[in-house]
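Geometric and topological summary
Chain by chain, the residues:
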Amino acid sequence: MYVFMHGLASANYDRFASIIQDGAAKDSAFLIPSIMLQFRLEQLSKALNLWHDKVYWNERKLGIRFDHHDNPDPASIDYTTLSKDLNAANTNLAYVDWSCKTIARQLDFMDGIAHHFRSLAVRNGTKDDEASDTEHLLLETHAHLRSWNTGLVDRAEYLSKRGQALVQTVRANCRQRAITDVA
């Protein structure tokens, strides 16, 4: 089986090409879609780490973390910027959740392809053991990616709840500030 790929020269493309030529994909070109999903999961993991940090620091800005004794003056907090930061965090966490749901559907589809491959391969003269090994390799890879993906979904949901709680805290602080300014 031959594979033709074209992409922009970059460190990620070089890494991807190396993995295809020298890594797991040399066992089966059918692993290429799995490797592409692995790259997406790596990027989503990095994005979650970034947004986790943003949520954490916004919690500290508001002084609501139990593990830190920050005591910010509510009057000195820039609630407009904080609201924008929280909106960005919640929007990006929703994107991660949506991406992971898309990946879950893709993995289900790829499982179907693995099963279909085996029956076609045997019908076209490939030894059953060889076709079975390829099917098993694909299904095991998909199971690993599915587990990773599920963990990212769970983490995104958790962080989203923390972000929503922060929005409620900001809303309450803004109301309190408005009442204090009127009085």
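Residues numbered from 1 in each chain as written. Predicted model: local features only at pLDDT ≥ 70, side-chain atom pairs only at ≥ 80, totals over all residues. Heavy atoms only, no water.

A few points about the overall build of the protein chain
Helix and strand counts for the protein chain come out as 4 helices and 0 strands. Shown N-terminal to C-terminal, the secondary structure of the protein chain runs as helices and strands in the order α-α-α-α. Taken over C-alpha atoms, the radius of gyration comes to 23 Å for the protein chain, far larger than the 16 Å a tight globule of 183 residues would show. With respect to the three principal axes, the spread of C-alpha positions in the protein chain is 85 × 30 × 25 Å. (Helix = DSSP H or I, 4+ residues; strand = E, 2+ residues; numbered from the N terminus. Rg over C-alpha atoms; globule rule 2.2 N^0.38 Å.)

A look at the side chain of Arg162
Take Arg162: it is sitting in helix α4 (residues 128-182). A distance of 3.1 Å separates polar atoms of two side chains, one belonging to Arg162 and the other to Tyr158. Filtering out sequence-adjacent residues up to four positions away, Arg162 remains in contact with His52, Val55, Tyr56, Glu59 and Arg65. (Polar contact = N/O pair within 3.5 Å; in protein donor to acceptor, adjacent residues only side chain to side chain. Contact = heavy atoms within 4.5 Å.)

Overview of the packing of helix α2 (residues 32-62) against helix α3 (residues 79-123)
Interhelical geometry of α2 versus α3 gives an angle of 155° and a closest axis separation of 10 Å. Judged by the angle between their axes, α2 and α3 are roughly antiparallel. Of the two elements, α2 crosses α3, and the hand of that crossing is left-handed. Tallied by class, residues from the contact of α2 with α3 come to 21 nonpolar, 5 polar and 3 charged. (Axes fitted to C-alpha atoms, helices over the stretch in contact; angles between N-to-C directions. Parallel < 35°, antiparallel > 145°, perpendicular 65-115°, else oblique. Left-handed = near helix turned anticlockwise from the far one by under 90°. Nonpolar A, V, L, I, M, F, W, Y, C, P; charged D, E, K, R; others polar.)

Observations regarding α3
Helix length check: α3, at 45 residues, gives a terminal C-alpha distance of 66 Å against a target of 66 Å (1.5 Å per residue), a fit within 8%. You can read the cap of α3 off the contacts: a side-chain oxygen lies 3.3 Å from the backbone nitrogen of Thr80, and it is on Asp78. In the stretch just after α3, Gly125 is the one whose phi turns positive, near 100°. (Expected span 1.5 Å × (residues − 1).)

Concerning the nonpolar core
A general trend in soluble globular proteins is that nonpolar side chains are found buried together. Leu48, Leu62 and Leu82 are the most contacted members of the largest nonpolar core, which has 25 residues in total. Within the residue set of this core, elements represented by two or more residues are α2, α3 and α4. Sort the elements by how many residues they give to this core and α3 lands first, with 10 residues. Among all residues touching Leu82, those that are not within four sequence positions of it are Asn58, Lys61, Leu62, Ile77 and Val170. Formed by 5 residues, the second largest nonpolar core is a distinct cluster that contains Phe16, Ile32, Ile35 and Phe39. (Core = buried A, V, L, I, M, F, W, Y, C linked by side-chain atoms within 4.5 Å. Buried < 20%, exposed > 50% of the residue type's maximum accessible area, 1.4 Å probe, protein only.)

Some details on the pattern of salt bridges
Proximity of charged atoms lets side chains of opposite charge pair with each other. Per the stated rule, a full pass over the model turns up 9 salt bridges. Between Asp108 and Arg146 there is a salt bridge, with its nearest N and O atoms 3.2 Å apart. One end of the pair, Asp108, is in helix α3; the other, Arg146, is in helix α4, with 38 residues separating them in the sequence. Taking relative accessible area as the criterion, Asp108 reaches 48% and is therefore assigned partly exposed. Each of the salt bridges in this network shares a partner with another, and the network as a whole consists of Glu59, Arg65, Asp67 and Arg162. (Salt bridge = Lys/Arg side-chain N within 4 Å of Asp/Glu carboxyl O.)

With respect to the packing of helix α1 (residues 11-22) against α2
Relative to each other, α1 and α2 sit at 140°, their axes nearing to 11 Å. The element α1 and its partner α2 pack so that their crossing is right-handed. Seen from α1, the contacting residues are Asn12, Arg15, Phe16, Ile19 and Ile20; seen from α2, they are Ile32, Ile35, Met36, Phe39 and Glu42. Split by residue class, the contact of α1 with α2 holds 7 nonpolar, 1 polar and 2 charged.

Notes on the environment of Arg60
Looking at where Arg60 falls in the secondary structure, it is placed in helix α2. For the pair Arg60 and Asp70, spaced 10 residues apart in sequence, the C-alpha separation works out to 6.5 Å. Once residues within four sequence positions are removed from consideration, Arg60 is found in contact with Arg65, His68, Asp70 and Pro72.

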